[in-house]
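Observations on the three-dimensional arrangement
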Amino acid sequence: MSDEAIEGVRLDARVVPFPGSISPQARAHLASLVGPDGLPFSIHQESPAADDAEGWAVAKETVSGMIAYMLAPVVAKCRSEVETIDLGGTVSYLATPADAGADDRAYLDIHGGGLVHGAGEPCRLGARVQADRLNVRCYAVDYRMPPEQPYPASLDDCLAAYRALLERYAPENIVVGGGSAGGNLAAALMLRARDEGLPLPAALVLITPELDLTESGDTFETNRMVDVMLPRPLMGTNLLYAAGHDLAHPYLSPLFGDFSKGFPPTFLQAGTRDLFLSNTVRMHRALRKAGIPVELHIFEGMPHGGFMGAPEDDDLNAEVRRFVDESWGRKS
């Protein structure tokens, strides 16, 4: 044998087929995200330079339009009403279900978008979707983002919104949730709220969360290009968001937090083709070691963000609804 250290497994060029173990709708969704060259369409999207204000404005408008387009079929079925409110000094949206009962429970939704996208209309629409899915009043904070407002502005806004909710609702009647970058902020919010002496909510929902901005996990390599929604790491935007702060700090990468000091019961979800799968399974182990009640749900063949309406998405929504319904009144 050679004395040279073996650092990994060499793979020949190959096609990774869409699995037959998932629903036809799920396979069709995966296929819709891949071009004739066999590469994910999103691989061709480049972020503007940090100082390109006009470029970022265009990019944000484009991505917001894409998110709104993807949400449109779900939003078309929503019956909730939404209004813009001031929540602790932040611009936020309150979505109220059509069959809302007493105003004694609240879901705080923190939108995703790679820490740079998803403001405005996508955030507003997301509030309606969550309000309908969970049949509870949903507050969605339209937090500030880079390049104009890097860290800690986003987390400051989430904390301000949470503080305001604590003035209206008992902590055991609040559930906090977020997907992707929103999962990062939701988990970081729990750590910071705890550190500042605030009571924690009844539960936390993290959907394919971006918990490690250092991108140290295995699936940042093994699911690179296999995740057709998020085919490559996001280090450029992570650095833009961090603005010189240590990416490994728990408020930036909540995976590295000390959960033994307190953390709410948590729902974790990812897919086997998700670039952030390692984030999710590592968080599960960290919470288990700290004795925090936690559920882990991994979906076959699912990329970042789900299948956009396949039966698997219905299964996930049902699991989240069950978890949230079981959480009301739970003392952290």
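Shown above is the structure to which this text applies.
What this report covers is the structure whose coordinates are included nearby. Just so we're clear, the structure is a prediction, and the values are computed from it rather than from any experiment. (Residues numbered from 1 in each chain as written. Predicted model: local features only at pLDDT ≥ 70, side-chain atom pairs only at ≥ 80, totals over all residues. Heavy atoms only, no water.)

Digging into unusual backbone geometry
In this chain, P146 is followed by P147 through a cis amide linkage whose omega measures 5°. Within the secondary structure, P147 sits in the loop between β4 (138-141) and α4 (153-168). Here the bond from Y151 into P152 is cis, since omega is 10°, no more than 30 degrees from zero. In this fold, P152 is placed in the loop between β4 and α4. Phi at T208 is positive, roughly 35°, even though this residue is not glycine. (Helix = DSSP H or I, 4+ residues; strand = E, 2+ residues; numbered from the N terminus.)

Some remarks on the packing of aromatic side chains
Counted according to the given criterion, the structure contains 5 aromatic pairs. Centroid distance F220 to F276: 5.8 Å. Interplanar angle 55°. Geometry classified as tilted. One end of the pair, F220, is in helix α6 (residues 219-222); the other, F276, is in the loop between β7 (266-271) and α8 (277-289), with 56 residues separating them in the sequence. F276 shares its class with F220; the two are buried. In this structure, R330 packs its charged tip against the face of F323, placed 5.7 Å from the ring centre. (Phe/Tyr/Trp six-rings, centres within 6.5 Å; stacked < 30°, edge-to-face > 60°. Buried < 20%, exposed > 50% of the residue type's maximum accessible area, 1.4 Å probe, protein only. Lys NZ or Arg CZ within 6 Å of the ring centre and 35° of its normal.)

Focus: the environment of P97
With respect to the element layout, P97 can be found in the loop between β2 (90-96) and β3 (106-110). Classification of P97 as buried rests on a relative accessible area of 7%. The sequence separation of P97 and R79 amounts to 18 residues, and the corresponding C-alpha distance is 6.6 Å. The contacts of P97, once residues within four sequence positions are left out, are S80, A131, N135, V136 and R137. (Contact = heavy atoms within 4.5 Å.)

Things to note about the sheet that holds strand β5 (residues 174-179)
On the basis of which strands lie adjacent, the open sheet formed by 8 strands has the order β1-β2-β4-β3-β5-β6-β7-β8 and mixed pairing. Of all strands in the sheet, those with a lone pairing partner are β1 (81-87) and β8 (294-299), marking the two edges. Direction aside, neighbouring strands of the sheet carry axes that sit 20° apart on average. The pairing of β2 with β4 spans 4 bridges and is antiparallel. Opposite L94, over in β4, you have Y139 as the bridge partner. Packing against the sheet, helix α9 (residues 311-327) makes contact with β3, β5, β6 (203-207), β7 and β8, and its axis sits at approximately 165° to β6. (Pairing = 2+ DSSP bridges. Axes fitted to C-alpha atoms, helices over the stretch in contact; angles between N-to-C directions.)

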